[in-house]
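What the coordinates show
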There are 2 protein chains.
Amino acid sequence: MVDRERRGRRDRTGGRRKGRKPDGETPRATSSPADRGVDYRHLKNPLPLAKAFSDDQTEQIHRTALRVIEELGIRVLHDGARDRFRKAGATVDETSQMVRIDSVLVERALATAPSEFSLAGGNPGRTVQIGGTNLTFTPVGGPPHAIDSDRGKRPGTHEDFRDFVKLAQSFDVMHMLNPSVEPQDVANHSRHLEVTRDMLFLSDKPFFIYSRGEPQVRDCLELVRIARGLDETAFKAQPHCFTVINTNSPRQLDIPMCQGIMDFAAAGQPSMITPFTLAGAMAPITMVGALTLQHAEALAGVTLSQIVDPGAPVIYGSFTSNVDMKSGAPAFGTPEFVKAAFGAGQLARHVGLPWRGSAATASNAPDVQACYETLNSAWASMLGGVNVLIHAAGWLEGGLSASYEKFILDVEALQILAEACHSLPATEADSAFEAIAEVEPGGHFFGNTHTMERYQTAFYDPLVSDWSNFGQWTDNGSKTATERANGIWKRVLKEYEPPKLEDDARQAIDEFVERRISEGGAEPES
Amino acid sequence: MVDRERRGRRDRTGGRRKGRKPDGETPRATSSPADRGVDYRHLKNPLPLAKAFSDDQTEQIHRTALRVIEELGIRVLHDGARDRFRKAGATVDETSQMVRIDSVLVERALATAPSEFSLAGGNPGRTVQIGGTNLTFTPVGGPPHAIDSDRGKRPGTHEDFRDFVKLAQSFDVMHMLNPSVEPQDVANHSRHLEVTRDMLFLSDKPFFIYSRGEPQVRDCLELVRIARGLDETAFKAQPHCFTVINTNSPRQLDIPMCQGIMDFAAAGQPSMITPFTLAGAMAPITMVGALTLQHAEALAGVTLSQIVDPGAPVIYGSFTSNVDMKSGAPAFGTPEFVKAAFGAGQLARHVGLPWRGSAATASNAPDVQACYETLNSAWASMLGGVNVLIHAAGWLEGGLSASYEKFILDVEALQILAEACHSLPATEADSAFEAIAEVEPGGHFFGNTHTMERYQTAFYDPLVSDWSNFGQWTDNGSKTATERANGIWKRVLKEYEPPKLEDDARQAIDEFVERRISEGGAEPES
């Protein structure tokens, strides 16, 4: 009877629950993933892949996208990029800046773009594989604002930026760094230098570099080479960082985006070509139409990268969702988003490229809406076969704020997904009969041999979840998960430890940054 | 660049957002599911099914479970049930009450139990199909307490029970009724009569009946027959209601549970045989061990049902999760739960039975923890191929409370899943090229023909989600999704309309209930 399906029966445990900390915060994990043979740093997606389309429909969308690029064309605002396209064989109208790309050119690009590659960090343990069934998570990127329960919403600062790098560094389930919040208190001309130094000093993970014009990109790539001790050839042979290219949907590529594709391809570093195709706004209102446009724009960007450097790593990005047709406001984690994620994964696989998806929400608070939108996005992306899940922790308010509390809540959700990726040990079946035989009917397994041998490491030990009973929870202040997350990010920041970095590398980075700032740095270009 | 991936660009809409209600509540959906060809009442699960085990491992677990039943046995506390088992060929030890069931008997039962059947409600539109790829959702069942933001946690009342029936009736995505909260202010001897009358008067959906002894079950089944105008033969030929049988894990079936299996099988109504196998507590600490025990107990119950009436509808239930090994507290939506759901689905399919899973949480508040635990459970169950997802809306505090706010939040999540089950119209691909061609590079799709033809019905219109910007959201009181849910359940209850029920049926129900109460009703048996 269904009324037995509740926690009442656990009184069998004899109240062995350990005391909570006075602030109601969950104690830190005592059971590490490694104890269970789980490696958060290197995840493989074990899920079967969902389909939004039949294979024929996928091919039809691909063909339609090729027609869009060839017959309608893409407006390319960058003179040099149009020049590259023309020399490669595309038809270019300089007056309208329209580039019409023959499908042969696109197919040639798809033949040279790698389906899988690795991104290296500051030590070998941080190398992540991109493509195939490999799964990586990346925190929030892009918000101008930071938000937390104590200080509210405010313009992002340098301190906020560093905090988010430290948070991302502290959790193995975060595989790469994103520009989690814009440090608006750092001058424009030196900001790229400061944040790149931060990421190199405070983390050893592969990271993001903004495509805000060639001078900034050159500085940032040089810093990576200095930090990792690589010459240009060695750097080109091994990706260490990435950029995201958002097309100006519909059918437009602006100057810094083109420049970014070209600079990153030339340096052998991956671009994630991510059309900003919100159905009903910058893209057709049908999800099929929006995905067709996404596919066309992504292929145009991929083609440019391969024209510049055949074989350059490049990632098929998607951000397709819908908008609220009453207001035009973007929406995420919706049913339409779920289906778009399934379809985007199919399209990326159809062209043999790694796929970048997103975990996103339009909620203004780290609340239940933020949770179901983000988690629906994450599950849908995993079912779509995502290789790089961006904005997976801390993204709030449609990307306008980076939330400290949501970062922690999302890390919990991602750790659960990461643990679920790890298969059940096949050998356990061998002992099941003996384990069951050990306990009398109606008894319990708390103290038996089979349990005692395993109890310390058997299960995932949560970061945020509070499984205490209502009375204990009330005694501890009736804190919601979001309130508990507030205490957790503070503790994580307090306990943060920087990764090892050789003194000479550190000194060389400092020297480069100071010199470039003294030279005037580089303003962002648009 | 990743900083473009935010809502800023929607200012293109020219601020066409309609005014919010003063209480910050989302306006009701203007786009109905039917407008999009989506039928919440009849869902098919389109997802590919996840596997925790290889086919060989699944077979191994099945074989081990058969050994558990045959060699170790199940303690059966009900004299009549032991008698049934013995007469069918099982080995029964009356002293220890142990029943050892030959695997031939189990396999025979599995051969007669149907893999699919329907459950009828008060009108044809409410009939749901159980089994195959059919997907149904059922609200919270069992809690002794109700909880909401205004009144806090308190013992459930008759009014609460009726409220939850009304809430469940109000959403098509709720396919069946569960005993959402225990009406503790109704006397024990008449409670089953009162709540059955409520469900028949306030809803036309198939519903749950507690197995609390033969006299109560007889009353409840009689009420269903009266309400639906069926004689015993017609009733037996068409299930209209169901019960849940929780085994007393490990390896024990108590008196009312045995009685329930037998009564429901005899009446042709389905039991959901659901072992209460929390790994590390009532089941082995390994998930494989817990699932092996679950499988053994479920098969023992299924066998009893088929001994009583070969061909009786029966459902393979699972509730396997893990406990916090520091306290013994049950946990849900954990990585272990996710993998157990994949495995349970495999085991149910292995024996050809419909599968009942759960969406559950141990959180004490309708907060982000409640959301990610519930939603992980729901996604995992769907990936496991669940046919009946129980506790899918409103279940809180490990099943000790039914939450009004969480009910609404969960309905939103379920509606998103239901919409995502609906495939994208294949014909949309035909118009994608023309839709894209209609808009200039860098333009937008807000007012074009393709959009205008579709914008009113293109997308899911949310129940709870607030997609307004931070300023509007702040002006409306900075309400979290949980706070908005408070206003929504009140509105839904206010707007609730009872289903049609013929006057003579209503009168017959009243007469039966009043007569049985005057006769003393029936006390629950244990």
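Overview of the structure. Chains are numbered independently. Their residues run from 1 in the order of the written sequence. Following the order in which they are written, the chains are lettered starting with A and the ligands numbered starting with 1. Local features in this predicted model are restricted to residues of pLDDT 70 or higher, and side-chain atom pairs are both shown and tallied only at a pLDDT of 80 or more, whereas totals for entire chains, interfaces and linings draw on every residue. Side-chain metrics in this entry use all non-hydrogen atoms of the structure; hydrogen atoms and water are not considered.

All names here are of chain B. Two strands are said to pair when DSSP picks up at least two bridges between them. For helices the rule is a DSSP run of H or I covering at least 4 residues; for strands it is a run of E covering at least 2, with both sets numbered from the N terminus onward. Pairing of strand E8 (residues 145–148) with strand E9 (residues 152–155) involves four bridges; the strand directions are antiparallel. Along E9, the bridge assignment pairs Ile147 with Lys153. Between E8 and the antiparallel strand that follows it, E9, lie three residues.

The subject of this paragraph is the sheet that holds strand E14 (residues 278–279) of chain B. All names here are of chain B. Here three strands make up an open sheet; going across it, the order is E14-E16-E17 and the pairing mixed. Of all strands in the sheet, those with a lone pairing partner are E14 and strand E17 (330–331), marking the two edges. Relative to strand E16 (residues 321–323), E14 runs parallel, the two sharing two bridges. Looking at E16, one finds that Ala279 is bridged to Asn322.

Residue and element names in this part refer to chain A. Here, expected helix span is obtained from the residue count minus one, scaled by 1.5 Å. Counted at 1.5 Å a residue, the expected span for helix H1 (residues 55–72) with its 18 residues is 26 Å, and the 25 Å between its end C-alpha atoms agrees. Within H1, the full set of buried residues consists of Gln57, Thr58, Ile61, His62, Thr64, Ala65, Leu66, Val68, Ile69 and Leu72. Where H1 terminates, the next one or two residues include Gly73, which has phi positive at roughly 85°. For every residue, the accessible area (1.4 Å probe, protein chains only) is compared with the maximum for its type, and the residue is labelled buried under 20%, exposed over 50%, or partly exposed between those bounds.

Before going further, it helps to examine the state of the cysteines. All names here are of chain A. Two cysteine sulfurs form what is called a disulfide whenever their separation falls within 2.5 Å. Counted according to the given criterion, the structure contains zero disulfides over all chains. The cysteine Cys220 is free of any disulfide, with Cys241 supplying the nearest cysteine sulfur at 8.5 Å. Among the cysteines around Cys258, which has no disulfide bond, Cys220 carries the closest sulfur, lying 19 Å off. Overall, the relative accessible area of 0% leaves Cys258 in the buried class.

Once that is clear, we can look at the interface of chain B and chain A. Put simply, an interface is often sized by how much accessible area is lost when its parts join up. Note on definitions: a residue-residue contact is assigned when non-hydrogen atoms from the two residues lie within 4.5 Å. Residue-level contacts link 155 residues of chain B with 155 residues of chain A. What counts as buried area is the accessible surface, traced by a 1.4 Å probe, that two parts surrender upon association, with contributions from both included. Of the roughly 13400 Å² buried at the junction of chain B and chain A (both faces included), carbon and sulfur atoms supply 66%. Any Lys or Arg side-chain nitrogen located within 4 Å of an Asp or Glu carboxyl oxygen qualifies as a salt bridge. Counting the contacts that link chain B with chain A gives two salt bridges. Across the pair A:Asp461 and B:Lys326 runs a salt bridge whose closest N-O atoms are separated by 3.2 Å. Under the rule applied, a polar contact is a pair of N or O atoms within 3.5 Å (in protein, one hydrogen donor and one hydrogen acceptor; residues adjacent in sequence only if both atoms are side-chain atoms). Linking chain B with chain A are 32 residue pairs in polar contact (both at pLDDT 80 or more). The residue makeup of the side of chain B that touches chain A, split by class, is 79 nonpolar, 41 polar and 35 charged. Note on residue categories: nonpolar means Ala, Val, Leu, Ile, Met, Phe, Trp, Tyr, Cys or Pro, charged means Asp, Glu, Lys or Arg, and polar means any other residue, Gly included.

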